Amino acid sequence: MRLPFLGCRDCIKRDMEILSEIVRRLLIQLPPEMAHEQALRLVGLAKSVGIPIGGKTVEKPFEIAGLKLLNPVGLAAGYDKNGEYVDALAVLGFGFIEVGTVTPRSQPGNPRPRMFRIKEKSALINRMGFNNKGVENLVHAVRGRKFTGPLGINIGKNATTAQDRAVDDYLSCLRAVYDSADYITINISSPNTVGLRNLQAASYLAPLLSSLANERTMLQGDSGRFVPIFVKVAPDCQDDEFGEMAKVISESGMDGVIATNTTVARAGVEGLLHGEEKGGLSGAPLAERAVEVVTLLRSQLPPGFPLIASGGVVSVEQALRLRAAGADAVQVYTGLVYKGPGLVADIANAW
Ligand SMILES: Cc1cc2nc3c(=O)[nH]c(=O)nc-3n(C[C@H](O)[C@H](O)[C@H](O)COP(=O)(O)O)c2cc1C
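Residues numbered from 1 in each chain as written. Predicted model: local features only at pLDDT ≥ 70, side-chain atom pairs only at ≥ 80, totals over all residues. Heavy atoms only, no water.

Caption draft 1: Seen up close, the packing of aromatic side chains. Considering all chains together, one arrives at 3 aromatic pairs under this definition. Centroid distance Tyr-79 to Tyr-333: 5.1 Å. Interplanar angle 65 degrees. Geometry classified as edge-to-face. Taken together, the residues Tyr-79 in the loop between β3 (73–75) and α3 (86–90) and Tyr-333 in the loop between β13 (329–332) and α10 (334–339) connect sequence positions 254 residues apart. An identical accessibility class is assigned to Tyr-79 and Tyr-333; each is buried. The interplanar angle of 55 degrees and the centroid separation of 6.5 Å between the aromatic rings of Phe-96 and Tyr-183 together place this pair among those described as tilted. Linking Phe-96 in strand β4 (residues 96–102) with Tyr-183 in strand β8 (residues 183–187), this pair joins segments that are 87 residues apart in sequence. Comparing Phe-96 with Tyr-183 shows no difference in burial state: the two are buried. Three or more aromatic residues joined by ring pairs make a cluster, and in this case those are Phe-96, Tyr-183 and Phe-230. Of note, Arg-323 hangs over the ring of Trp-351, and the distance from its end group to the ring centre comes to 5.4 Å. (Phe/Tyr/Trp six-rings, centres within 6.5 Å; stacked < 30°, edge-to-face > 60°. Helix = DSSP H or I, 4+ residues; strand = E, 2+ residues; numbered from the N terminus. Buried < 20%, exposed > 50% of the residue type's maximum accessible area, 1.4 Å probe, protein only. Lys NZ or Arg CZ within 6 Å of the ring centre and 35° of its normal.)

What follows is the structure, given as structure tokens:
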């Protein structure tokens, strides 16, 4: 019998794939949020003791909005809300990593349970509600990271901040993260903070984004560094609203779009256990709508405007559909839960 971990490089790689599949199957037996917390702890532990759980990062350098992605597969926001696991997650082979959503002040999020698996559809429903330790904690956590790819920091507003003061929260987060981020994402699309998605209406969006663009000009002047800003949009707007949104985003000095966040629609999961839970649906049932939204945005945005797709990337095929629809890169979240970290390299190799 061959002893594990003592063989050739390929044997070690295979052993690690088997080990991470065993761990994934064990984790999926736990309640979803606990499994998520354990998964983060395990990647952190593996990194600190030098267990190579991921393969080598697939090298497919790609430039978008001035960012040099190591490859076009990123980690979507919400997986590492406090930015405490960047170097550990980097081992899984991401070409770029987005942390957050972070808010100015720490907040507990919604009561548990607030994350639900719909296994038969490779889907999740979550209503986490931006549980996070606050922006100062995140900035401290990501400082000194070794990850060489771009780090995005996704920012939002506290639940207790009134909608007409939302801009203050985004501005204070922008200032706090500016020196630590390679790019910044404005999250106006989570369904789990009351009223947040109202900010997508042109009457709110245009003044919000122009305040952020003005503040960025000042921060750039002070630091001598230009940090691109992306706007993350929801899939639940009417088709004709995406044209207006694309116009506002591209004309207000923003540098890119991330489409999409989770959906409040329940197509594909009706009648299933947890299918009617309140919150945002992600994973395979979101795939079709994500392709539609990316197609719509690509046709409405100026040529070459940076567009990152997120939504239902639980297979190489879905990633390639999003690329065909006009995405420059993709992010994954739910796919990691159901397919494991091997999905990252598989997509990067196929891209
Ligand atoms: C449990 C969970 C938490 C999330 N938290 C955030 C978040 O804090 N900010 C954000 O912009 N998106 C968040 N998302 C959305 C993901 O970043 C992603 O856009 C969405 O899940 C669609 O991609 P997927 O189908 O690959 O999961 C979250 C998703 C899940 C499943």
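Caption draft 2: Region of interest: the pattern of salt bridges. Under the definition given, this model contains 18 salt bridges. We note a salt bridge from Arg-112 to Glu-33, for which the minimum N-O separation is 3.3 Å. Placement of Arg-112 in the loop between β4 and β5 (115–118) and of Glu-33 in helix α2 (residues 32–49) is noted, with a sequence separation of 79 residues between them. Relative accessible area serves as the criterion here: at 52%, Arg-112 is assigned to the exposed category. A salt bridge links Lys-68 to Glu-63; the nearest nitrogen and oxygen atoms lie 3.6 Å apart. Note on Lys-68: relative accessible area 58%, which makes it exposed. Counted as one network, the salt bridges with shared partners bring together Glu-33, Glu-37, Arg-112 and Arg-114. (Salt bridge = Lys/Arg side-chain N within 4 Å of Asp/Glu carboxyl O.)

Caption draft 3: Up close: the environment of Pro-235. Looking at the element boundaries, Pro-235 is found in the loop between β9 (229–233) and α7 (241–251). Classification of Pro-235 by relative accessible area gives buried; the value is 1%. Sequence separation of Pro-235 and Thr-260 is 25 residues, and the distance between their C-alpha atoms is 5.5 Å. The residues touching Pro-235, leaving out its near neighbours within four places in the chain, are Phe-242, Thr-260, Asn-261, Thr-262, Thr-263, Leu-286, Arg-289 and Val-293. (Contact = heavy atoms within 4.5 Å.)

Caption draft 4: Quick look at the pairing of strand β7 (residues 151–155). Taken across its 5 residues, β7 has 5 buried, putting it largely inside the fold. Taking every second residue as pointing to the same face, both faces of β7 are buried, with Leu-151, Ile-153 and Ile-155 on one and Gly-152 and Asn-154 on the other. Two strands pair when backbone bridges link them, and β4 and β7 are joined in this way by 5 bridges, in the parallel orientation. By the bridge assignment, Val-99 is partnered in β7 with Ile-153. Relative to β8, β7 is paired through 4 bridges, and the arrangement is parallel. Note that in β8 the partner of Ile-155 across the bridge is Ile-186. Running through helix α5 (residues 166–177), the crossover from β7 to the neighbouring parallel element β8 is right-handed. (Pairing = 2+ DSSP bridges. Right-handed = clockwise from strand over helix to strand, strands pointing away.)

Caption draft 5: Spotlight on the packing of α5 against helix α6 (residues 202–223). The N-to-C vectors of α5 and α6 enclose an angle of 25 degrees; their axes lie 10 Å apart at closest approach. Considered as vectors, α5 and α6 are oriented roughly parallel to each other. Crossing geometry of α5 relative to α6 is assigned as right-handed. Of the residues in α6, those in contact with Val-167, Tyr-170, Leu-171, Leu-174 and Arg-175 of α5 are Leu-208, Ser-211, Leu-212, Glu-215, Arg-216 and Leu-219. Classifying every residue of the contact of α5 with α6 by side-chain character gives 7 nonpolar, 1 polar and 3 charged. (Axes fitted to C-alpha atoms, helices over the stretch in contact; angles between N-to-C directions. Parallel < 35°, antiparallel > 145°, perpendicular 65-115°, else oblique. Left-handed = near helix turned anticlockwise from the far one by under 90°. Nonpolar A, V, L, I, M, F, W, Y, C, P; charged D, E, K, R; others polar.)

Caption draft 6: Structural view of the site of the ligand. As a structural note, the neighbourhood of the ligand is formed by 24 residues, with Ala-77, Thr-101, Ser-310, Gly-312 and Thr-334 the closest of them. Thr-334 places a polar side-chain atom, nitrogen or oxygen, 2.5 Å from an oxygen atom of the ligand. Summarising the interface, the protein chains cover 98% of the accessible area of the ligand, which totals 610 Å² for the free molecule. Breaking the shell around the ligand down by element, the ones donating at least two residues are β4, β6 (123–126) and β11 (280–283). (Near = heavy atom within 4 Å. Polar contact = N/O pair within 3.5 Å; in protein donor to acceptor, adjacent residues only side chain to side chain. Areas by Shrake-Rupley, 256 points an atom, 1.4 Å probe, with all protein chains shown as cover.)

Caption draft 7: Seen up close, a nonpolar patch on the surface. There is a patch of nonpolar side chains on the surface, built from Leu-19, Leu-42, Leu-45, Val-49 and Ile-51 and spanning about 400 Å² of accessible area. Considering each element in turn, the nonpolar patch owes the most residues, 3 residues, to α2. With respect to the helices and strands, the residue Val-49 is situated in helix α2. (Patch = residues over 30% accessible without salt bridge, like charges linked within 9 Å, V, L, I, M, F, W, Y side chains within 5 Å.)

Caption draft 8: Fine view of the sheet that holds β11. Strand order in the open sheet formed by 3 strands is β5-β6-β11, with antiparallel pairing between adjacent strands. A single partner strand is all that each edge strand has here, and the edge strands are β5 and β11. Averaged over all adjacent pairs, the angle separating strand axes in this sheet is 25 degrees, with direction ignored. Pairing analysis gives 4 bridges linking β6 to β11, with the strands arranged antiparallel. Across the sheet, the residue bridging to Ala-123 is Gly-283, located in β11.

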